[in-house]
Structures are given as structure tokens and as C-alpha cells.
Amino acid sequence: MRVSIAGAGLGGLCLAQGLRGAGIDAEVYERDPAITARFQGYRLVLNQAGFDALRGCLPPRWHALLDAIVGDAHGERLVLDPQLNRIGELGPGRTGIVVDRHVLRHLLLTGLTVHTGAALTGYDVRSDGKVEARFEHGDPVVGDLLVGADGVGSRVRALLSPQTVPTDTGVRFVIGRTPLTEQFAGLSRAFGSKIAGDGVSLLLGAMRFRTPPKQAAEELAPEVALPDVGDYVRWAMILPPDDAVTPQEAALSRMEGWHPDLRALVEQSDPDNSALLSIRVVEPRARWTPGPVTLLGDAIHATSPTGGNGANTALRDADLLRRCLAEGSLVEAVGGYEREMFAYGAEAVRQSLDALPAYVPQTS
Ligand SMILES: Cc1cc2nc3c(=O)[nH]c(=O)nc-3n(C[C@H](O)[C@H](O)[C@H](O)COP(=O)(O)OP(=O)(O)OC[C@H]3O[C@@H](n4cnc5c(N)ncnc54)[C@H](O)[C@@H]3O)c2cc1C
């Protein structure tokens, strides 16, 4: 069996690793000209199910490395005012495992065949049941299965299920990261907490690697090359749709008079790893007849980041699909995968939308 995967995000790469482990030939086609072409390095919180799915797709010899390059999400979740005084509690928080998306992608890329600069433009299902994928540049590719893991704006979805379209929530999200220096160590009780300002909330989370990723790879799996990344603070603010400035300006304009450490944190952030994003969701509704083309991850169930479950669900898809493909005939395997994925994917989107209003600022 030969599988073509469109999209080298977490879901597509995790699937490719899982298929490689199952002895199934898989190649990945990524639109970006290079893996590091744009902002990709934010911190994700994985729950146990997401982490287990990821582990299940990776060769066991990398499990120790995976355990070394994550961090732990724990601690009190407080509501603080802009001067860092405690004014409430968010309640029991998300405990879990924090990973850096950029570092994880490098681990997932190891040993795979990934074609960059390969934007999928279309596909045809041929009379022999195989699927031919076409790209903006380069020759078409024929395989037994095409998996659209091409994110919220999925081209594969537009062709397979044209009625399934993203919804723009109208909410924007500014996210940045700042090295975790001595100066910001004192903010530690704000990590995992919400700073409630006048109509806006700043969310802070620390990425503390158990072992620096580059060092961990050198010690535990020398065939893996991981980036040299230090600990950092991820900050995020949800904004109404009318600000059109840089990510830092968007946040700072709403932080007049805030504690100097909070302002410094945003001022000192790395512009290459800061971004202003729109929150768009995709709700999986209409099923199609199972066949040689399917979808995975944000391409079919994009959640709001406030749910903290998009990556978890994409990894779950990858693990489920690789297990189905390793067991059954192609159409049965894809049908079984889609049946389960539609149910939990729809639930993940619903949960993330339920969590959104608590973070949306009131416009005056
Ligand atoms: C700021 C932020 C914080 C988040 N925090 C969390 C969290 O804490 N926990 C959690 O579970 N989730 C979180 N998420 C969600 C999570 O990041 C996504 O759900 C997850 O990355 C989706 O993975 P994916 O592989 O489906 O898609 P993506 O990671 O979007 O990958 C899609 C890939 O396809 C490529 N592509 C697009 N079009 C084409 C084409 N035509 N041809 C070829 N390639 C194409 C893209 O370039 C991209 O590389 C967060 C998201 C954001 C933005």
C-alpha cells in the first residue's frame, strides 16, 4: 500500500511515522518551501490520550527522547489583576504534558520522505481505484490512499466535501514567546493563570524542557537533529476583530498601566515567533462515501485554540488511522476510521467553542 499525505503538520507527520512503523509506504507533501518557513513554534498542552497517540506512532527507541523534550503542565490556575494580585481562581486546570510544536515537528520529520514546496492543487480517483494527486510544481503522484492533513484551509476537503467550510468566529488571537530569563522567573505564579485586565485577558504559560532538546537528542538518539531552543514563556491574548497592528502592539495597546514585568515580557518577545491569527473552526457534519481519499486533523475538525484539543485530536486521528490501515482492507479501514473520527472530532469542536466566550473581550 502506498499512502500520500498532504500537509506536514503534526497530524500528517505523526501518521507518516505510524505508517512507517507498520511497514506501509508513506510520503508527505508540504506546501511551505521549508519546514521552518513561517511561525510554527508555539507551546501545546497534550492530554494523556494525545500523548499516548503520539507515542504509539513513534518508534519505541525514541520514547525516552520524547519524554526528555517535553515539560509538565501543572500548578495553580489563578485569576490575577494586571498588578499580579490574586483576585480569583480558574478552578482545576489542565494538567498534561507541554510540548513545543517546532521541536516536536523536527522529531516527527526524522527518517521520513517529506517533499517541501509541494502544494497540492487537486486529485483524481482513477478507474483502477488509485488516486492521483496533483501539485502546483512537480509531477503528479499515484497512491492507494490520499490523506488530506492540510489544515483548516484544506484543499483536499474543498474537493472531497465542498459543503464543509471553515467558519470565522470573528475572534483574533495574538500569541508570542519570550525567553524565560531571570527577569521573568518571578512571574511563575502567573504561568497557567489568567491576567484579567479591562476587557482583555493575558494568558501565560511556561515551556520548560525537562532536557534542552538538542542535548537530549545528542544523548538519547543521535540520528535525530533537534533545534537548539531554550525555555520560554508563551503569552496569548484574545482580541476583538478590529485591531490591525503587529502582534506586540496589539497586546501592548491593551496593557496600559500593567505591571512592568508583564509589559516587558511582551516587549521582549521574539517577533519571528509572534503572530496574529484568526480563529476559524471546521465542524465535521456531512459524511462522504469512504474511498481512497480521507481527511485528518484541522482539515476536518478545526477547533478554537481555547479548547486546547486540536493537536490532541489530530494525533488521535493519526494513531487511529494507522491502526485501521494496518488491520483491514483499505475501504473498510478508512470507513472505520471516519466513523469514529467524525464522532469525537465534532465533540472536540463543540467543546472548544463552548470555552471561547470566557476569553473574548467585551468591546466598549
Ligand atoms: C496558538 C495555538 C495554540 C494551540 N494550542 C493547542 C494546545 O494547547 N493543545 C492542542 O491540542 N491544540 C492546540 N492548538 C491546535 C493545534 O495546533 C492544531 O489543531 C494542530 O496543529 C493541527 O494539526 P494538523 O496537522 O491537522 O494541521 P496543521 O498543523 O495546520 O498542518 C497543516 C499543514 O498542511 C500544509 N498545507 C496546507 N495546504 C496545503 C496544500 N494544499 N498542500 C500541501 N500542504 C498544505 C500547511 O502548510 C501545514 O504545514 C493550538 C493552535 C494554535 C494556533
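For the protein, an unreviewed UniProt entry supplies the name FAD-dependent monooxygenase and the organism Amycolatopsis iheyensis.

Tell me about empty space enclosed by the protein, and name the residues and values.
According to the stated counting rule, one finds 1 cavity of 30 Å³ or more in the structure shown. Each pocket or cavity is described by its volume, and for the largest cavity that value is around 30 Å³. Lining the largest cavity are 10 residues, and of these Gly 41, Tyr 42, Gly 176, Arg 177 and Arg 234 sit closest to its centre. Counting residues per element, the ones that place at least two in the lining of the largest cavity are strand 13 (167-179) and strand 16 (232-239). For the lining of the largest cavity, the element with the highest residue contribution is strand 13, accounting for 3 residues. The residue makeup of the lining of the largest cavity, split by class, is 4 nonpolar, 3 polar and 3 charged.

I'd like a rundown of the pattern of salt bridges, residues and numbers included.
Following the criterion strictly, the structure yields 17 salt bridges and no others. Between Asp 25 and Arg 2 there is a salt bridge; the shortest N-O distance is 3.7 Å. Here Asp 25 is found in strand 2 (residues 25-29), whereas its partner Arg 2 is found in strand 1 (residues 2-6), with 23 residues between them in sequence. A salt bridge links Glu 347 to Arg 350; the nearest nitrogen and oxygen atoms lie 2.9 Å apart. Separated by 3 residues within a single helix, Glu 347 and Arg 350 lie in helix 12 (residues 330-355), roughly one turn from each other. Linked through salt bridges whose partners overlap, the residues forming this network are Arg 2, Asp 25 and Glu 27.

Any chance you could break down the UniProt feature "domain: FAD-binding" (unreviewed entry) in the protein for me, citing the residues and the numbers?
The UniProt entry lists residues 286-327 under the feature "domain: FAD-binding" (unreviewed entry), expressed in the numbering used here. Structurally, residues 286-327 is divided into 52% helix and 7% strand, and its ends, taken at the C-alpha atoms, are 26 Å apart.

I'd love a proper account of the sheet that holds strand 14 (residues 194-196), names of residues and values included.
Spatially, the 7 strands line up as an open sheet ordered 6-5-14-15-16-13-17, and their pairing is mixed. Only two strands of the sheet have a single neighbouring strand rather than two, namely strand 6 (86-89) and strand 17 (275-281). The average undirected angle you get between the axes of adjacent strands in this sheet is 30°. As paired strands, strand 15 (residues 201-207) and strand 16 are joined by 6 bridges and run antiparallel to one another.

Give me the lowdown on the packing of helix 1 (residues 10-21) against helix 11 (residues 310-327), citing residues and values where you can.
Here helix 1 crosses helix 11 at 25°, and the two axes come no closer than 8 Å. Here helix 1 lies roughly parallel to helix 11, going by the angle between them. You can see that helix 1 and helix 11 cross each other, and the crossing is right-handed. Together, Leu 10, Gly 11, Cys 14, Leu 15, Gly 18 and Leu 19 of helix 1 and Ala 311, Ala 314, Leu 315, Ala 318, Leu 321, Arg 322 and Leu 325 of helix 11 make up the contact between the two elements.

Outline the site of the ligand, listing residues and values.
As a structural note, the neighbourhood of the ligand is formed by 35 residues, with Gly 11, Glu 30, Tyr 42, Arg 101 and Asp 298 the closest of them. Contact between the ligand and Glu 30: an oxygen atom at 2.6 Å from a side-chain N or O atom of the residue. One of the backbone nitrogen or oxygen atoms of Gly 310 is found 3.3 Å away from an oxygen atom of the ligand. Here the ligand has 1000 Å² of accessible area as a free molecule, and 91% of this is covered by the chains. Elements with a contribution of two residues or more to the shell around the ligand: helix 1, strand 3 (43-46), helix 4 (101-109), strand 13 and helix 11. Residue contributions to the shell around the ligand peak at 4 residues, all from helix 11.

Please set out the pairing of strand 3 residue by residue, giving values where relevant.
Of the two faces of strand 3, both are covered, the one formed by Arg 43 and Val 45 as well as the one formed by Leu 44 and Leu 46. The pairing of strand 3 with strand 7 (residues 96-100) spans 4 bridges and is antiparallel. The residue bridging Leu 46 from the neighbouring strand is Ile 97, located in strand 7.

Break down the sheet that holds strand 7 for me, with residues and values.
With antiparallel pairing, 3 strands are arranged side by side in an open sheet as 3-7-4. Two strands close off the open sheet at either side, each with one partner strand: strand 3 and strand 4 (71-73). Across the sheet, the axes of successive neighbouring strands diverge by a mean angle of 40°, strand direction being ignored.

Quick rundown of the side chain of His 63? Include the residues and the values.
Here His 63 shows up in helix 3 (residues 63-68). Of the polar contacts made by the side chain of His 63, one reaches the backbone oxygen of Arg 55; its length is 2.9 Å. Excluding residues that lie within four positions of it along the chain, His 63 makes contacts with Arg 55 and Leu 58.

Describe the side chain of Arg 177, with residues and values.
Locating Arg 177 in the fold gives a position in strand 13. Within the structure, Arg 177 has its side chain in polar contact with the side chain of Asp 100 (distance 3.3 Å). In contact with Arg 177, other than residues within four places in its own chain, are Gly 41, Asp 100, Val 229, Tyr 232, Val 233, Arg 234, Trp 235, Ser 269, Asp 270, Asn 273 and Ser 274.

Thresholds, definitions, all that
- Residues numbered from 1 in each chain as written.
- Predicted model: local features only at pLDDT ≥ 70, side-chain atom pairs only at ≥ 80, totals over all residues.
- Heavy atoms only, no water.
- 1 Å grid on protein atoms, 1.4 Å probe; cavity = no way out; pocket = protein on both sides within 12 Å on 5 of 7 lines; lining within 4 Å.
- Points joined across faces, edges and corners; volume = space filled by probe spheres on them.
- Helix = DSSP H or I, 4+ residues; strand = E, 2+ residues; numbered from the N terminus.
- Nonpolar A, V, L, I, M, F, W, Y, C, P; charged D, E, K, R; others polar.
- Salt bridge = Lys/Arg side-chain N within 4 Å of Asp/Glu carboxyl O.
- UniProt positions renumbered as here; feature names shortened; annotations may be inferred.
- Pairing = 2+ DSSP bridges.
- Axes fitted to C-alpha atoms, helices over the stretch in contact; angles between N-to-C directions.
- Parallel < 35°, antiparallel > 145°, perpendicular 65-115°, else oblique.
- Left-handed = near helix turned anticlockwise from the far one by under 90°.
- Contact = heavy atoms within 4.5 Å.
- Near = heavy atom within 4 Å.
- Polar contact = N/O pair within 3.5 Å; in protein donor to acceptor, adjacent residues only side chain to side chain.
- Areas by Shrake-Rupley, 256 points an atom, 1.4 Å probe, with all protein chains shown as cover.
- Buried < 20%, exposed > 50% of the residue type's maximum accessible area, 1.4 Å probe, protein only.

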